Amino acid sequence: MPSDNHIKAALSLIEDKSKILGLTIGNYENVQPGTYLPRKACQEPPKLSFTGTNPNSTYMIVSMDIDAPFPGFGVLGPILHWIQSDVKATSEGVLEYEAPFVANYIGPAPPPMSSPHRYTFFLYEQPADFDLTAHAPAGGKKLGNYNRMWYDLDAWAEKIKLGPLVAFNYFTSN
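As the structure is a prediction and not an experimental result, all values here were calculated from the model.

About the thresholds
Residues numbered from 1 in each chain as written. Predicted model: local features only at pLDDT ≥ 70, side-chain atom pairs only at ≥ 80, totals over all residues. Heavy atoms only, no water. Pairing = 2+ DSSP bridges. Helix = DSSP H or I, 4+ residues; strand = E, 2+ residues; numbered from the N terminus. Contact = heavy atoms within 4.5 Å. Axes fitted to C-alpha atoms, helices over the stretch in contact; angles between N-to-C directions. Salt bridge = Lys/Arg side-chain N within 4 Å of Asp/Glu carboxyl O. Buried < 20%, exposed > 50% of the residue type's maximum accessible area, 1.4 Å probe, protein only. Patch = residues over 30% accessible without salt bridge, like charges linked within 9 Å, V, L, I, M, F, W, Y side chains within 5 Å. Areas by Shrake-Rupley, 256 points an atom, 1.4 Å probe, with all protein chains shown as cover. Phe/Tyr/Trp six-rings, centres within 6.5 Å; stacked < 30°, edge-to-face > 60°. Arc of directions from axis to C-beta. Polar contact = N/O pair within 3.5 Å; in protein donor to acceptor, adjacent residues only side chain to side chain.

(A) A look at the sheet that holds strand S8 (residues 165–173). Judged by pairing direction, the sheet is mixed, and its six strands sit side by side in the order S2-S8-S7-S4-S5-S6 without closing on themselves. The open sheet has two free edges, formed respectively by strand S2 (35–36) and strand S6 (95–96), since each of these has just one partner strand. Bridge count for strand S4 (residues 59–65) against strand S5 (residues 79–89) is six bridges, and the pairing is antiparallel. If you follow Val62 over to S5, its bridge partner there is Ile83. Contacts from helix H1 (residues 5–13) reach S4, strand S7 (117–125) and S8, with the element oriented near 85 degrees to S8. Contacts between helix H3 (residues 153–160) and the sheet are confined to S4, S5 and S7, with S4 contributing the most and set at about 160 degrees to the helix.

See below:
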């Protein structure tokens, strides 16, 4: 069973409005924590921003479904939905990246009859010595489903010496 210390810390972080990650997905702009979005609208990676970034720092984005397969019955979760490394912030706080993904983005896909799941987005400072080639699938291949289930963010953070959580946001969808 994966540890969830990072998830608990992130959920408590949103009480501080200055730590909410800017999230635009599909036609939905300025998504606030917990906003419900239709599944169809969330199949492409979101646009993210955060005005508290340092333009000289490098960041990493991690996204997970923390309610899989059903809220209250998380036998498969959390499920990893995206890891993007080498993220830089513009002077306006827009988060941009050109590097290949560590884990390709997948949109919401809860099972039929499920209540809404929480899709989380964590923004971390990336370790200076992070080696993308050591963690990304070879040749830009997409990450398989088995490697996404039971995702242990705490173990990943410890393994790569992930920096502090900078900002967080989430939406719900089913």
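After that view, the rundown keeps rolling.
(B) How the structure looks around the pattern of salt bridges. Tallying each qualifying case throughout the model produces two salt bridges. Salt-bridge contacts for Lys8 lead to Asp4; the nearest nitrogen and oxygen are separated by 3.6 Å. Of the residues examined, Lys8 reaches a relative accessible area of 52% and is grouped as exposed. Overall, the relative accessible area of 32% leaves Asp4 in the partly exposed class. Between Asp67 and Arg118 there is a salt bridge, with the nearest N and O atoms lying 2.8 Å from each other.

(C) Looking closely at the pairing of S7. Of all nine residues that make up S7, seven are buried, and the element is covered over most of its length. In terms of strand pairing, S4 meets S7 through seven bridges, oriented antiparallel. Looking at S7, one finds that Val62 is bridged to Phe122. The pairing of S7 with S8 spans eight bridges and is antiparallel.

(D) Representation of a nonpolar patch on the surface in the model. On the surface, a nonpolar cluster with roughly 270 Å² of combined accessible area is contributed by Phe70, Phe73 and Val75. With respect to the element layout, Phe73 can be found in the loop between S4 and S5.

(E) Here's a closer look at the packing of aromatic side chains. The final tally for this structure, using the stated rule, is nine aromatic pairs. When the centroid spacing of 6.2 Å and the interplanar angle of 75 degrees are considered together, the rings of Phe130 and Trp156 count as edge-to-face. Residue Phe130 is located in the loop between S7 and helix H2 (132–135), and its partner Trp156 is located in helix H3; the two are separated by 26 residues in the primary sequence. When sorted by exposure, Phe130 lands in the same class as Trp156, which is buried.

(F) Here's a closer look at H3. Inspection of H3 places Leu153, Asp154, Trp156, Ala157 and Ile160 among the buried residues, and these make up the whole buried set. Angular distribution of buried residues about the axis of H3 spans 165 degrees; they occupy a single face of the element. Residues of H3 that are exposed and angled more than 90 degrees away from the buried face: Glu158 and Lys159. Sitting at the amino-terminal end of H3 is Asp152, which places a side-chain oxygen 3.2 Å from the backbone nitrogen of Asp154. Note on H3: the residue one or two positions beyond its end, Lys161, has a positive phi of about 60 degrees.

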